[in-house]
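# Remarks on the overall topology
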Amino acid sequence: MSILVQNVSKSFGDFAALHDVSVEIPSGSLTALLGPSGGGKSTLLRVIAGLEQPDTGRVEIEGVEATALPPQRRGVGFVFQHYAAFKHMTVERNVAFGLSIRHKPKEEIRQRVQELLELVHLEQFAHRYPSQLSGGQRQRMALARALAVEPKVLLLDEPFGALDAQVRKELRAWLRRLHDQVHVTTVFVTHDQEEAMEVADEIVVMAGGEVKQIGSPDELYERPASEFVMSFLGPVTKIGGELVRPHDVEILTAGTAGARPALISRVTRLGFEVRVDLEVEGEPAWAQVTRGTADHLGLKSGDRVWVLPHKVRTSVAASVGETPPAS
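Sequence order as written defines residue numbering, which begins from 1 separately in each chain. Local features are withheld for residues below a pLDDT of 70 in this predicted model, meaning they are given only at 70 or higher, and side-chain atom pairs are given and counted only at 80 or more; totals for whole chains, interfaces and linings count all residues. Each side-chain value is derived from all of the structure's non-hydrogen atoms; neither hydrogens nor water enter the calculation.

### Looking at the overall build of the protein chain
A run of DSSP states H or I qualifies as a helix once it reaches four residues; a run of E qualifies as a strand once it reaches two. Both are numbered from the N-terminal end. Looking only at helices and strands, the protein chain has nine helices and 17 strands in total. When the backbone C-alpha atoms are referred to their principal axes, the protein chain occupies close to 75 × 45 × 30 Å. Three labels apply to residues, based on accessible area from a 1.4 Å probe with only protein chains included: buried if under 20% of the type maximum, exposed if over 50%, partly exposed otherwise in between. Within the protein chain, the proportion of its 327 residues that are buried is 48%. In the protein chain, of all internal contacts separated by at least 6 residues, the share reaching a separation of at least 24 is 64%. Working note: accessible area of the protein chain is about 15800 Å², and carbon and sulfur atoms make up 50% of it. Contact criterion: two residues are considered in contact whenever any of their non-hydrogen atoms come within 4.5 Å of each other. Under the convention used here, a 1.4 Å probe and the Shrake-Rupley method define accessible areas, while residue burial counts only the protein chains that appear.

As structure tokens, this is what we get:
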């Protein structure tokens, strides 16, 4: 089910949460709304869900005008960061709730719930209560409950934000696998760049209530339309006034064409990777190299070296705060 958002604006008092936002989300895709806090991501998700009405603009779901439709008529499943499960109901009954209030036949409900619990790997916890589950298990229950009514669109608002880092990593890999199985059009909000890059087919980068760029993870990382997008999606450093990825900075022990003299101020080993903090022409910078490279060059604090930036972003289309055209 495709989603089309056209020229949507939304204000809360004097605060403009969304300003003339247009986004097209392909049917069956897994799309991330990524950006800093207050950038408009959750507001846009709530407008798509029908939980907020836009001041201007329109929303279509699979070609059907949905701007004025209530949430229950949009065919949307919604999962919040802090999922409000029914504490007095078992996992099985929580997942069945949406089907029960739609007066589905009992056998149909039983089969559907069993299928979903197997899908999210909770079949052995069917008779437990939410308080007896881990945070990751509760979120999987939340997703099963949202999928129970077979929504056209699945909307997730920071679904793993309240969980610890390791559980987040496990669940986002699981979400990607789940999406590949059910193929429901999915939109999720996150401020975690790694999460968006790892999970999404397409990323909508937002800030200040505006869309800054839309594209695949590779497109945004390799061809950012602005300094803001480049800085937000992955690490950057600045050498000679130009932005460059730290892993695109080559460290040399002898000068060569295009290389700049530098002083190593610190070498930090981070497992396989090594962070090398530098002073380049009086300005701080850093490079990211492998442990093998660092050992081969014998890098240590106080060494004088040369740095050669590769893939310098001289073609950045817009400065911070400007909005490049959505692709």
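### Comments concerning the confidence of the model for the protein chain
Interpreting fine coordinate detail is not advised for predicted regions of low pLDDT. The predicted model of the protein chain averages 89 in pLDDT, with 94% of residues at 70 or higher. What pLDDT reports is the predictor's confidence in each residue, on a scale of 0 through 100. This stretch, residues 315–327, has a pLDDT under 50; its non-local contacts, to residues over four places away or in other chains, come to 22 contacts.

### Notes on unusual backbone geometry
Of note, Asn7 is a non-glycine position whose phi angle comes to about 50°, a positive value. As for its placement among the helices and strands, Asn7 is situated in strand S1 (residues 3–12).

### Section: the sheet that holds strand S3 (residues 30–34)
Strands sit in the order S6-S7-S8-S3-S9-S10 across an open sheet of six strands; the sheet is mixed. In this open sheet, the two strands that pair with only one neighbour each are strand S6 (76–79) and strand S10 (210–215). Strand-to-strand twist across the sheet, computed as the mean angle between neighbouring axes with direction ignored, equals 15°. Strand pairing is assigned whenever DSSP identifies at least 2 bridges connecting the two strands. When S3 meets strand S8 (residues 185–190), the two strands line up parallel, connected through five bridges. Axes here mean lines fitted to C-alpha atoms, for a helix over just the part in contact, with angles spanning 0 to 180 degrees between N-to-C directions.

### Observations regarding the environment of Asn7
Assessed through its relative accessible area of 41%, Asn7 is described here as partly exposed. Between the C-alpha atom of Asn7 and that of Gly57, which follows or precedes it by 50 residues, the distance is 4.7 Å. Polar contact is defined as a pair of N or O atoms within 3.5 Å, subject to the rule that within protein one atom must be able to donate a hydrogen and the other to accept it, and that residues adjacent in sequence are counted only when both atoms are side-chain atoms. Here Asp20 takes part through its side chain, which lies 3.0 Å from a polar atom of the side chain of Asn7.

### Here's the deal with the packing of aromatic side chains
Geometry of aromatic contacts follows a simple scheme: Phe, Tyr and Trp rings, the Trp one being its six-membered ring, pair when their centres are within 6.5 Å, and the pair is stacked under 30 degrees between planes, edge-to-face over 60, tilted otherwise. Using the criterion set out here, one finds two aromatic pairs in the structure. For the pair Phe86 and Phe97, a centre-to-centre distance of 4.7 Å together with 50° between the ring planes defines the contact as tilted. One end of the pair, Phe86, is in the loop between S6 and helix H2 (91–100); the other, Phe97, is in helix H2, with eleven residues separating them in the sequence. By relative accessible area, Phe86 is classed as partly exposed at 26%. Classification of Phe97 as partly exposed rests on a relative accessible area of 25%. Between Phe228 and Phe232, the ring centres sit 5.6 Å apart and the planes meet at 20°, which makes this aromatic pair stacked.

### Description of the nonpolar core
In globular proteins that are soluble, nonpolar side chains generally tend to be buried together. Counting 47 residues, the largest nonpolar core has Val95, Leu154, Ile203 and Leu233 as its most contacted members. Top element by residues in this core is helix H4 (residues 135–148). It accounts for seven residues. We define a nonpolar core as any set of buried Ala, Val, Leu, Ile, Met, Phe, Trp, Tyr and Cys residues linked to one another through side-chain atoms lying within 4.5 Å. Counting residues in hydrophobic clusters, the runner-up holds 27 residues, among them Val5, Val21, Val23 and Ile214.

### So, the pattern of salt bridges
Any carboxyl oxygen of Asp or Glu that lies within 4 Å of a side-chain nitrogen of Lys or Arg is treated as forming a salt bridge with it. The tally for this structure, following the rule as stated, stands at 16 salt bridges. Note that Arg260 is salt-bridged to Glu281, the shortest N-O span being 3.0 Å. Of this pair, Arg260 sits in strand S14 (residues 260–270) while Glu281 sits in the loop between strand S15 (273–280) and strand S16 (283–290), and the two are 21 residues apart along the sequence. Assessed through its relative accessible area of 27%, Arg260 is described here as partly exposed. Judged by its relative accessible area of 51%, Glu281 is exposed. Here the salt bridges do not stand alone but share partners, grouping Lys169, Arg172, Asp192, Glu194 and Glu198 into one network.

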